[in-house]
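Letter by letter, the chains look like this.
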Amino acid sequence: MHDIKAEITQLRQQLDFHSYQYYVLDNPQISDAEYDRVFRRLLELEEQNPELITPDSPSQRVGGQPLEGFTPVRHNLPMLSLDNAFDDSEMRAFDERLHRLLEINESFEYLVEPKMDGVAVELVYVDGLFIQGSTRGDGATGEDITANLKTINSIPLRLRTDVIPAPARLEVRGEVYYPTEAFRKLNAEREKAGEPTFVNPRNSAAGTLRQLDPRITAKRPLDIFVHGIGQIEGIEFNSQSEAYAAFGQWGLRVNPLIQVRQGIEKSIEVYYQLMEKRETLPYEIDGVVFKLNNVALQQQAGIRSRSPRWAIAYKFPAQQETTVIEDIIAQVGRTGAVTPVAVLRPIFVGGVEVRRATLHNQDEIDRKDIRIGDTVVVQRAGDVIPEIVQVVLAKRVGSAEKYTLPSNCPACSTPLFRPEGEAVLRCDNADCPAQIRNSIIHFASKGAMDIDGLGEKLVALLLEKDLISSIADIYFLRKEEIAALERMGDKSAENLMAAIEKSRHNPLERFLFALGIRHVGEHVARLITKHFKSLENIRKATEEELLSIHEIGPQVAASIIHFFSQERNCTLLAKLAEGGVTPDFEETETEFASQFAGQTFVFTGALEKFTRKEAEKYVNDRGGHAASSVSKNTTYLVAGPGAGSKLDKAQELKVQILTEEEFLNML
Ligand code: IVH
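Residues numbered from 1 in each chain as written. Predicted model: local features only at pLDDT ≥ 70, side-chain atom pairs only at ≥ 80, totals over all residues. Heavy atoms only, no water.

1. What to know about the overall build of the protein
Stated precisely, the cut-off is as follows: Each helix corresponds to a stretch of at least 4 residues labelled H or I by DSSP, and each strand to a stretch of at least 2 residues labelled E; elements are numbered beginning at the N terminus. Throughout, exposure labels follow a simple rule: accessible area from a 1.4 Å probe, protein chains only, divided by the maximum for the residue type, with under 20% read as buried, over 50% as exposed, and the rest as partly exposed. Any pair of residues with heavy atoms lying within 4.5 Å of one another is described as a contacting pair. Only the protein chains shown count as cover for residues, with accessible areas throughout obtained via the Shrake-Rupley method and a probe of 1.4 Å. Under the convention used here, Asp and Glu are negative, Lys and Arg are positive, and both His and the chain ends fall outside the count. One atom stands in for each charge, and that atom is NZ of Lys, CZ of Arg, CG of Asp or CD of Glu.
Counting its secondary structure elements, the protein contains 25 helices and 21 strands. In terms of principal-axis extent, the alpha carbons of the protein reach across some 95 × 60 × 60 Å. The buried share of the protein, reckoned over its 667 residues, is 46%. Of the contacts formed within the protein by residues at least 6 apart in sequence, a portion of 68% connects residues at least 24 apart. Accessible surface for the protein amounts to roughly 33,800 Å². Of this, 49% is attributable to carbon and sulfur atoms. Positive and negative side-chain charges of the protein, numbering 77 and 98 respectively, have mean locations separated by a distance of 2 Å.

2. Topic: helix α5 (residues 180-192)
Rules: The length a helix should cover is 1.5 Å for every residue beyond the first. Think of it as the arc spanned by the lines of direction from the helix axis to the C-beta atoms.
Its 13 residues give α5 an end-to-end C-alpha distance of 19 Å, which sits within 8% of 18 Å, the value for a rise of 1.5 Å per residue. Of the positions making up α5, those classed as buried are Thr180, Ala182, Phe183, Leu186, Asn187 and Arg190. Projected down its long axis, α5 carries its buried residues within an arc of 155°, all on one side. Facing away from the buried surface of α5 by more than 90 degrees, the exposed residues are Glu181, Lys185, Glu189 and Lys192. Summarising the contacts, the buried residues of α5 are in contact with α6 (201-209). Directly beyond the C-terminal end of α5, a positive phi value near 75° is found at Gly194.

3. Details of the packing of helix α12 (residues 433-444) against helix α13 (residues 456-464)
Rule in force here: Helix axes are fitted only over the stretch in contact, all axes being lines through C-alpha atoms; the angle between N-to-C directions runs from 0 to 180 degrees. Roughly parallel here means an angle under 35 degrees, roughly antiparallel means over 145, roughly perpendicular means 65 to 115, and every remaining angle is called oblique. We call a crossing left-handed when the near helix sits turned anticlockwise from the far one by less than a right angle, and right-handed when that turn is clockwise. Each residue receives one of three labels: charged for Asp, Glu, Lys and Arg, nonpolar for Ala, Val, Leu, Ile, Met, Phe, Trp, Tyr, Cys and Pro, and polar for the others, Gly being one of them.
Following both chains from N to C, one finds α12 and α13 inclined at 135°, their axes separated by 10 Å at the closest point. The angle between the axes of α12 and α13 places the two elements in the oblique class. Viewed along their axes, α12 and α13 form a crossing whose handedness is right-handed. Of the residues in α13, those in contact with Ile436, Arg437, Ile440 and Ile441 of α12 are Glu456, Val459, Ala460 and Leu463. The residue inventory of the contact of α12 with α13, partitioned by class, reads six nonpolar, no polar and two charged.

4. A look at the pattern of salt bridges
Oppositely charged side chains are able to pair whenever their charged atoms sit close together. Which entries qualify depends on this criterion: When a carboxyl oxygen of Asp or Glu lies within 4 Å of a side-chain nitrogen of Lys or Arg, that pair is called a salt bridge.
Evaluated as defined, the whole model comprises 39 salt bridges. Measuring nitrogen to oxygen at the nearest pair gives 2.6 Å for the salt bridge that ties Arg202 to Asp117. With Arg202 in helix α6 and Asp117 in the loop between β3 (109-116) and β4 (119-126), this residue pair connects regions lying 85 residues apart in the sequence. Within the structure, one salt-bridge network assembled from shared partners comprises Glu191, Glu364, Arg367 and Lys368.

5. Quick word on the sheet that holds strand β10 (residues 285-292)
Consider a sheet: its strands pair through backbone hydrogen bonds, and that pairing is either parallel or antiparallel. Inclusion rule: Only strands that DSSP links by at least two bridges are regarded as paired with each other.
Here five strands make up an open sheet; going across it, the order is β2-β11-β10-β3-β9 and the pairing mixed. One side of each edge strand has no neighbouring strand; the edge strands of this open sheet are β2 (84-85) and β9 (259-262). Pairing analysis gives four bridges linking β3 to β9, with the strands arranged antiparallel. When the bridges of β9 are listed, Leu111 appears paired with Val260. The sheet strands contacting helix α8 (residues 240-249) are β3, β9 and β10, and the helix crosses β3 at an angle near 55°. Across the face of the sheet, helix α9 (residues 264-277) comes into contact with β3, β9, β10 and β11 (311-315) while running at roughly 145° to β9.

6. Points about the site of the ligand
What counts, and what does not: Put simply, a residue is near a molecule or strand once any heavy atom of it comes within 4 Å of that molecule or strand. Here a polar contact is taken to be a pair of N or O atoms separated by no more than 3.5 Å, where protein atoms must pair a possible hydrogen donor with a possible acceptor and residues adjacent in sequence count only if both atoms sit in side chains.
Lining the immediate environment of the ligand, one finds 15 residues, of which Glu113, Pro114, Met116, Ala120 and Glu175 sit closest. Between an oxygen atom of the ligand and a side-chain N or O atom of Glu175, the distance comes to 2.6 Å. In isolation the ligand offers 520 Å² of accessible surface; the protein chains occlude 86% of this area. When residues of the shell around the ligand are traced back to their parent elements, those giving at least two are β3 and β10. Element by element, the count of residues in the shell around the ligand is highest for β3, at four residues. Here the residues of the shell around the ligand are counted per class, giving eight nonpolar, two polar and five charged.

7. Some words on the nonpolar core
Note the threshold: As used in this record, nonpolar core signifies buried Ala, Val, Leu, Ile, Met, Phe, Trp, Tyr and Cys residues forming a set joined through side-chain atoms within 4.5 Å.
In this structure, Phe443, Ile451, Phe511 and Leu576 are the most contacted members of the largest nonpolar core, which totals 54 residues. Secondary structure elements with two or more residues in this core: α12, α13, α15 (489-503), α16 (508-514), α17 (522-532), α18 (535-540), α20 (554-565) and α21 (567-578). Once you skip the residues sitting within four places of it in the chain, Ile451 turns out to touch Phe443, Ala444, Ile474, Tyr475, Leu496, Ala499, Ile500 and Ser503. Phe70, Ile155, Tyr178 and Ala243 belong to the second-largest nonpolar core, a separate cluster that totals 34 residues.

8. Brief notes about the packing of aromatic side chains
Rules: Stacked, tilted and edge-to-face pairs are distinguished by plane angle, under 30 degrees for stacked and over 60 for edge-to-face with tilted covering the rest, among Phe, Tyr and Trp rings (Trp via its six-membered ring) whose centres lie within 6.5 Å. Only when the NZ atom of a Lys or the CZ atom of an Arg is both within 6 Å of the ring centre and within 35 degrees of the ring normal do we say a charge sits over the ring.
Enumeration over the complete set of coordinates arrives at 24 aromatic pairs. A ring pair is formed by Phe601 and Tyr636, whose centres lie 5.2 Å apart and whose planes are at 40°; its orientation type is tilted. Note that Phe601 is positioned in strand β18 (residues 600-604) and Tyr636 in strand β20 (residues 636-639), a separation of 35 residues in sequence. For the pair Phe601 and Tyr636, one class covers both residues: buried. Ring centres of Phe601 and Phe663 lie 5.7 Å apart, and the angle between their planes is 65°; on these two criteria the pair is classed as edge-to-face. Note that Phe601 is positioned in strand β18 and Phe663 in helix α25 (residues 660-666), a separation of 62 residues in sequence. By relative accessible area, Phe601 is classed as buried at 0%. One aromatic cluster is present, built from ring pairs that chain together Phe94, Phe108, Tyr110, Tyr271, Tyr272, Phe290, Tyr314 and Phe316. The positively charged end of Arg160 is found above the aromatic ring belonging to Tyr20, 4.2 Å away from the centroid.

9. Quick look at the side chain of Thr323
Looking at the element boundaries, Thr323 is found in strand β12 (residues 320-332). Here the side chain of Thr323 touches Arg345 through a polar contact of 2.7 Å, landing on its backbone oxygen. Every residue in contact with Thr323, bar those within four places of it in the chain, is listed here: Leu344, Arg345, Ile347, Asp374, Thr375, Val376 and Val378.

As structure tokens, this is what we get:
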């Protein structure tokens with residue numbers, strides 16, 4: 001018996017050590033298989049000797065019996081919320097307020113840390129043993145979620161005491177979150193299974209923590225960062241950073257991005273640093289929390305009713321907002337796809353005004369039960385088109401109307417059809433005015449023929465005045481016709497003519513993309529051009545030849561063959577040629593393939609001409625390397641407006657700095 005007890009203790013110590021290395025320090029020491037072997041041995045021994053099971057045994061993480069409900073837990077000290085600030089001046093005002101209140105002139109030391117977009121929890125350790133965990137609730141009373149919290153591998157079931165002893169009592173607060181990648185996976189699985197998806201990682205963390213069956217919680221990879229102190233007995237901290245250092249030594253997980261800075265200006269710099277880092281982090285943050293580091297000063301500053309005077313959250317511009325759907329319209333795209341689009345009451349999301357959001361297709365509308373008049377959550381993520389995440393059902397009004405896509409094309413009345421296996425309705429009338437308009441807009445657009453000045457409005461006007469009826473007609477426009485149009489005049493007509501002229505000699509790949517052949521995006525157009533080298537060759541290409549190109553599949557091949565077999569398209573190409581459009585194959589890729597060989601680029605700040613991804617692709621295509629942070633190995637930093645710490649670092653390291661314009665010139 002003694003031997004078994006000793007072995008169990010030894011196994012637990014081993015498992016604790018390795019999960020601490022793996023989950024808290026991110027520094028695994030053994031393979032998963034080895035860990036599992038030790039774990040299974042522990043389970044085996046505990047099964048044979050159930051009287052030896054202790055509440056801090058790693059076996060207690062897997063999730064026990066389902067609960068009937070959650071018991072309320074009163075917090076010894078209220079769990080506060082935070083005041084928000086939205087710009088630098090509000091942060092300076094916060095700092096000035098504290099100076100006045102505390103009657104101190106010297107600058108303050110701030111602890112600056114990411115504001116996790118998760119769920120606040122409190123963990124209670126008595127003599128080092130994790131005895132209870134709860135949600136924040138209303139701040140005074142939360143719910144007992146101990147069983148669920150135990151499944152989080154980075155929460156120690158017993159505090160480590162190799163550096164400092166465990167205090168008699170430790171209440172520590174933190175944020176439980178759902179890692180972004182795992183969240184995506186979870187939602188993809190739920191969607192496949194026909195289950196409702198979660199709106200964002202925070203909701204899935206909240207839902208997972210409120211699971212009555214801890215075995216389900218155990219299957220989801222929740223994680224935690226601790227960031228606050230409740231009631232403590234047996235130890236005192238002079239500063240927030242000192243407390244965090246102790247948390248780390250006890251084996252609790254503290255965010256490594258936390259910084260201590262002197263004065264508000266230096267602290268604000270951290271906000272911009274973190275804003276740049278935001279998209280690369282494996283979890284979501286919605287701002288940066290500033291805390292007076294000195295605990296005595298915190299106490300002196302005190303709290304207001306629900307939030308401390310000594311801390312504030314500097315929020316990032318929101319990526320999600322709520323607004324109202326004023327209407328839903330059916331839009332016909334250039335390929336005939338009919339998409340429902342929500343017309344929104346205009347709203348700023350993450351600093352950009354959003355008026356429309358795609359609803360994708362009828363299935364999506366039905367699945368989310370979206371109705372005209374509904375209040376909805378709108379999301380904008382990076383470069384992606386705004387989307388409707390969810391209806392706020394509590395705000396649904398009686399007059400909210402269900403929407404069904406029309407059965408005939410809203411532009412030409414042709415009956416719509418839904419190809420087998422597709423979710424999208426289509427109009428197959430090649431003369432559909434909406435398709436023609438959108439294909440012309442696409443033809444003239446940036447990545448395509450790039451005819452500067454020929455945008456949506458002018459295309460609509462030219463169609464309306466019967467000056468054009470196809471893309472080829474663009475090349476037969478006369479300057480006087482254009483100058484006579486409303487709000488045009490000589491100068492703009494001249495500019496447009498010059499832009500049209502320039503486009504006549506565009507590279508073949510752009511021309512091919514501009515034609516708007518289904519499934520032929522910029523990348524495919526490039527592959528095909530590179531292979532066939534002339535429009536004539538592409539027109540003559542057989543399916544076999546097309547399929548011989550790496551990355552070209554049967555769908556793309558069929559679409560290309562179909563396009564060039566259509567009589568009307570042959571007429572169109574003939575007319576384009578007659579209009580002087582002679583796209584040429586340029587050996588861009590080979591000529592420039594090694595332009596940036598051995599060079600490393602870093603992009604920072606806002607770019608206007610391309611997205612960061614595109615810019616990085618240019619670098620990669622030309623043999624260079626795109627990195628995310630500045631080091632002595634950086635060749636160039638391309639800095640747009642709003643560049644922050646990367647710019648400072650580049651200057652410090654004497655890295656050559658380029659404007660976006662200069663980078664463009666290099667291309
Ligand atoms: S400190 C005494 N630090 O934000 C101040 N809170 O809006 C109490 N939160 O309820 C909070 N990350 O759940 C603090 N690094 C962080 C945080 C953080 C997220 C949450 C917390 C709080 C809410 C307040």
